[in-house]
Amino acid sequence: MPLPVGHALAGIAAQQVRPGFFFRNRWLDAALFVLLSVLPDADFLPGLLRGRPNLYHHGAFHSIGAALAVAALAGGLFFLRTKRFWPPAAVSFLLFGFHLFLDYFSLDLVAPFGLPLLWPFSGRYFISARPFFSNITRSARSGDFFPSLFNRHNLEAAMQEIVILGGLLAAVVALRLLLGKRSPGE
Ligand SMILES: [Zn+2]
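Note that the structure is a prediction, hence the values are computed from the model and not measured. (Residues numbered from 1 in each chain as written. Predicted model: local features only at pLDDT ≥ 70, side-chain atom pairs only at ≥ 80, totals over all residues. Heavy atoms only, no water.)

Of the regular secondary structure elements, the protein chain holds seven helices and zero strands. For 186 residues, the compact-globule formula gives about 16 Å, and the C-alpha radius of gyration of the protein chain, at 18 Å, lands near that figure. Dimensions of the protein chain, computed from C-alpha atoms along their principal axes, come out at roughly 60 × 35 × 30 Å. Going through the 186 residues of the protein chain one by one, you find that 40% of them count as buried. Only carbon and sulfur atoms are counted for the fraction: they give 71% of the accessible area of the protein chain, which is about 10,700 Å². Here the protein chain holds 16 positive side-chain charges and 9 negative ones, and the gap between their average locations is 8 Å. (Helix = DSSP H or I, 4+ residues; strand = E, 2+ residues; numbered from the N terminus. Rg over C-alpha atoms; globule rule 2.2 N^0.38 Å. Buried < 20%, exposed > 50% of the residue type's maximum accessible area, 1.4 Å probe, protein only. Areas by Shrake-Rupley, 256 points an atom, 1.4 Å probe, with all protein chains shown as cover. Lys, Arg positive; Asp, Glu negative; His and termini not counted. Charge placed at Lys NZ, Arg CZ, Asp CG, Glu CD.)

Okay, the pattern of salt bridges next. In the structure shown here, the tally under the stated rule is two salt bridges. Arg141 is paired through a salt bridge with Asp144; the nearest N and O atoms lie 3.0 Å apart. For Arg152, the salt bridge goes to Glu156, with nearest N and O atoms at 3.2 Å. Taken together, the residues span about one helical turn, with Arg152 and Glu156 both in helix α7 (residues 152-181) at a distance of four residues. (Salt bridge = Lys/Arg side-chain N within 4 Å of Asp/Glu carboxyl O.)

Before going further, it helps to spend a moment on a positive patch on the surface. On the surface, a cluster of positive charge is made up of Arg18, Arg24, Arg81 and Arg84. Take Arg24: its relative accessible area is 85%, and that puts it in the exposed class. (Patch = residues over 30% accessible without salt bridge, like charges linked within 9 Å, V, L, I, M, F, W, Y side chains within 5 Å.)

What follows deals with the packing of aromatic side chains. Tallied over the entire structure, the rule returns 13 aromatic pairs. Plain terms: the ring middles of Phe22 and Phe78 are 5.4 Å apart, the flat faces sit at 35° to each other, and that makes the pair tilted. One end of the pair, Phe22, is in the loop between α1 (4-17) and α2 (26-38); the other, Phe78, is in helix α4 (residues 64-82), and 56 residues separate them in sequence. Among the residues examined, Phe22 registers a relative accessible area of 5% and is labelled buried. You can call Phe78 buried: its relative accessible area is 8%. Ring geometry for Phe101 and Phe105: centres 5.0 Å apart, planes at 65°, overall edge-to-face. With relative accessibility at 40%, the residue Phe101 sits in the partly exposed group. Members of the aromatic cluster, joined through ring pairs, are Phe98, Phe101, Tyr104, Phe105, Phe132 and Phe133. (Phe/Tyr/Trp six-rings, centres within 6.5 Å; stacked < 30°, edge-to-face > 60°.)

Protein coordination at the zinc ion: the donors are Asp41 (OD), His62 (NE2), His99 (NE2) and Asp103 (OD), at 1.9 to 2.2 Å from the metal. The site at the zinc ion holds four donor atoms, and with the angles between them running 89 to 165°, its shape is irregular. All donor residues of the zinc ion come from one chain, and their arrangement in sequence is D-x20-H-x36-H-x3-D. Pair noted here: His62 is in the loop between α3 (44-49) and α4 and His99 is in helix α5 (residues 86-104), with a separation of 37 residues, a long-range link. An identical accessibility class is assigned to His62 and His99; each is buried. (Donors = N, O, S within 2.8 Å, 3.2 Å for Na, K, Ca; no water. Tetrahedral: all angles 85-135°; square planar, octahedral: opposite > 155°, others 65-115°.)

Taken N-terminus to C-terminus, the directions of α1 and α7 make an angle of 10°; their axes are 9 Å apart at the nearest point. Regarding the angle of α1 to α7, the classification is roughly parallel. Along the contact surface, α1 presents Val5, Gly6, Leu9, Ala10, Ile12, Ala13, Gln16 and Val17, while α7 presents Glu161, Ile162, Leu165, Gly166, Leu168, Leu169, Val172, Val173 and Arg176. For the contact of α1 with α7, a count of residues per class yields 12 nonpolar, three polar and two charged. (Axes fitted to C-alpha atoms, helices over the stretch in contact; angles between N-to-C directions. Parallel < 35°, antiparallel > 145°, perpendicular 65-115°, else oblique. Contact = heavy atoms within 4.5 Å. Nonpolar A, V, L, I, M, F, W, Y, C, P; charged D, E, K, R; others polar.)

Our focus in this paragraph is α1. Here α1 spans 20 Å end to end across 14 residues, near enough to the 20 Å set by a 1.5 Å rise per residue. For α1, the full list of buried residues reads Gly6, His7, Ala8, Leu9, Ala10, Gly11, Ala13, Gln15 and Gln16. Buried residues belonging to α1 abut α2, α5 and α7. (Expected span 1.5 Å × (residues − 1).)

Written out as structure tokens, the structure is:
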């Protein structure tokens, strides 16, 4: 699993493809892109409250079923506001799904390994045989969960994510600037 910083960078990269897609206010717009990109890891929260942060992590909330439910909810909320359902639902699905894609390509040394990608259609766990993101070491107890994240291994993993996903963001921004210069009428 990439850290929230990696998933957030992926969300901002997506926002740079189509700034203002969700909201005209760019901060609010970026915040929703980031929220949808980190959202699957909210499955740490119920476990944290019960003293075992990993209890529900990489469970049903890391699946296509959860992506569809979140997309339907986002589409419904936007429909109430703007009468648009499908575009916000589709983009929400893609952002949530991209989180699953990045997690799929991450080393996972905590059972169950990988993600139940096809839940509720199948409970099988999937993980790439060739991960390109490192694992994140963390405590299995809520008491020292957050302090346990601060170590040399995780710092190196964070730097790797910043290089890869920050690179993606830089590439999207550069491409947008390049295409912006070649606007119609030239
Ligand atoms: Zn995740």
